[in-house]
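# Structural overview
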Amino acid sequence: MILLNTTGQHQPNISVIHIAGSNGKGSVALKTANTFQRGNYKVGLFVSPHISSFRERIQINGVPISESQVEQYLQEIFDICEKHSIPATFFEVTTALAFHIFAKEGVEVVVLETGLGGRLDATNIIRRPALSVITSIGLEHTKILGDTIEKIALEKGGIMKENCQVLVGKNVPWTVMQQCAKEKNVSEIFQCEDVLGPENDEDTQSSAAMVDYDAENSRIASAAVILVQFQQTQQRLSSGGQEVKLIPSDDIAEGVKIRPPCRFEEMDILTTTVTSSVEGSRTSEKMVRVILDVAHNPQAMDYLIAKLKANYPNDNVRMVVGMSADKDLKYCTDILLEYVSQNPERIHLVEASHPRAASISAILKANPALVNSHYETRRVDDTDLDDERDESSVSKQVRG
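Procedures and definitions
- Here, residues in each chain are numbered from 1, in the same order as that chain's written sequence.
- Per-residue local features of the predicted model are confined to residues with pLDDT of at least 70, and side-chain atom pairs are confined, for both listing and counting, to 80 or more; whole-chain, interface and lining totals are unaffected and use all residues.
- Hydrogens and water are ignored here; the side-chain numbers use all heavy atoms of the structure.
- Of the two site types, the cavity is a set of points on a 1 Å grid over the protein atoms alone where a 1.4 Å probe fits but cannot get out, and the pocket is an open set with protein on both sides within 12 Å along at least five of seven lines, each lined by residues with an atom within 4 Å of a point.
- Grid points are joined across faces, edges and corners, and a volume is the space filled by probe spheres set on the points.
- In this text, helices come from DSSP runs of H or I with a minimum length of four residues, and strands from runs of E with a minimum of two, each type numbered from the N-terminal end.
- For this classification, Asp, Glu, Lys and Arg are treated as charged, while Ala, Val, Leu, Ile, Met, Phe, Trp, Tyr, Cys and Pro are nonpolar and the rest, including Gly, are polar.
- The cut-offs for exposure are 20% and 50% of the maximum accessible area for each residue type, with area from a 1.4 Å probe on protein chains only; residues under the lower value are buried, those over the upper are exposed, and the others partly exposed.
- The pairing criterion is simple: DSSP has to find at least two bridges between the two strands.
- Angles run from 0 to 180 degrees between N-to-C directions of axes, and those axes are lines fitted to C-alpha atoms, restricted for helices to the stretch in contact.
- Handedness of each helix crossing follows the sense of rotation of the near helix against the far helix: counterclockwise by less than a right angle gives left-handed, clockwise gives right-handed.
- Every residue pair with non-hydrogen atoms within 4.5 Å of one another is taken to be in contact.
- Residue count minus one, scaled by 1.5 Å, sets the expected span of a helix.

## Structural notes on empty space enclosed by the protein
As enumerated under the stated definition, the model contains two cavities of 30 Å³ or more in all. Of the pockets and cavities examined, the largest cavity occupies roughly 370 Å³. Lining of the largest cavity is provided by 26 residues; of these, N23, G24, K25, N217 and A300 occupy positions nearest its centre. Of all elements in the fold, only helix 1 (25–38), strand 6 (131–136), helix 10 (213–238) and helix 12 (298–311) reach the threshold of two or more residues within the lining of the largest cavity. A per-element tally of the lining of the largest cavity places helix 10 first, with four residues. A per-class count over the lining of the largest cavity returns seven nonpolar, 13 polar and six charged.

Below, the structure written as structure tokens:
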């Protein structure tokens, strides 16, 4: 209860945006937080998993918390768990740490990304969010969340709260969300077009826009900011306070342009090749385009491949692929095989050094068509994945 009282969920001066979804929730969270920061709010952001450092999960105004904060406040949480015999999981402890730090730092806006699901998620202790957001629904964690889109949607929709507003993306079963909203007795449920109007025909008809999931994430984040700002204004006026200074539309447009790492992240790397002959050794250099992406379920894989085809239609692509064991290994790798024209030699399988990682043998068993792909029996050192979240398998696409 001590931690619950420090989360800010009962404090009217703190606006909490709670975000769930199969894909896009991390991007929408970052875009929303970045936009509020541009509006001169002090913003706390909680996301997972991390890429390079655990501290990335908890940020204030775009800056990860310090090592000293982790050491100090994490010990306080451990002490509470021990005192009250609370068998908290990794993700639950991390969530508590985020709430604790946000309260200590006096943030004005909290952008909160759920973990694996929604209804039973550790973040779902928030009782009165300013806005609940469902970004998209796809088949994932079917053994836990359900084996149909509708069942998974209901689990994600579990973050809806009575008398609170809800925003859903276009890749969400609308009828299911309406029923869920009715059962939860939410105040209002919106789609992006209700807030922003219809998408611009010229923008959506281009091949790049049709496959760019970032454009949809940006629309969701923009609509979220507008809805929360309107609610803040209504609350201030009803209590006799001053009207909220709204974030200008240009700042919203700029704020949502940000993208998290490894979301079709492109970079050029200089490679060196040494060849030997009777005449001696010869060194040559070549720039190689590398693309990092965290596609981790069939829906995300489809988006990734569509964007690769749109951006690099004539390039010879090699793929380095790692998977988590709880993913649909057959379905996801079938998508990749189709993209490389059923040539498994253009795929290199890797295995992370983590208990949740899919082994090379498990991937090959799930999809024997990969038997002629490249792989090694040694384990790749990758300890950044956690055991509580919908962890993303990182695929690297190399042009060359």
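## So, the pairing of strand 6
Of all six residues in strand 6, six are buried; the element is thus mostly enclosed. Relative to strand 7 (residues 165–171), strand 6 runs parallel, the two sharing four bridges. Opposite V133, over in strand 7, you have L167 as the bridge partner.

## Considerations on the packing of helix 2 (residues 67–83) against helix 3 (residues 90–105)
At a minimum axis distance of 10 Å, the contact between helix 2 and helix 3 shows a crossing angle of 115°. Our pair here, helix 2 against helix 3, has a crossing hand that is right-handed. In this structure, helix 2 uses Q69, Y73, L74, E76, I77 and F78 to contact helix 3, whose residues at the interface are V93, A96, L97, H100, I101, K104 and E105.

## Overview of the pairing of strand 5 (residues 109–113)
Burial of strand 5 is extensive: five of the five residues sit out of reach of the surface. Of the two faces of strand 5, the one carrying V109, V111 and E113 and the one carrying V110 and L112 are both buried. Pairing between strand 1 (residues 15–20) and strand 5: five bridges, direction parallel. The partner of I17 across the bridge, within strand 5, is V111. With four bridges connecting them, strand 2 (residues 43–46) and strand 5 associate as parallel partners. Following the sheet pairing, G44 is matched in strand 5 by V110.

## Comments concerning the sheet that holds strand 2
Strand order in the open sheet formed by eight strands is 4-3-2-5-1-6-7-8, with mixed pairing between adjacent strands. The open sheet has two edge strands, strand 4 (63–64) and strand 8 (188–191), and neither has a second partner. Bridge count for strand 3 (residues 58–60) against strand 4 is two bridges, and the pairing is antiparallel. Its bridge partner being in strand 4, Q59 is matched across the sheet by P64. Lying on the sheet, helix 10 is in contact with strand 1, strand 5, strand 6, strand 7 and strand 8; it crosses strand 7 at an angle near 165°.

## Some words on helix 10
Taking 1.5 Å of rise per residue, the 26 residues of helix 10 would be expected to cover 38 Å, and the 38 Å separating its terminal C-alpha atoms lies within 8% of that figure. Looking one or two residues past helix 10, G240 carries a phi angle of roughly 80°, positive in sign.

The values reported here are purely geometric and, on their own, carry no functional implication.
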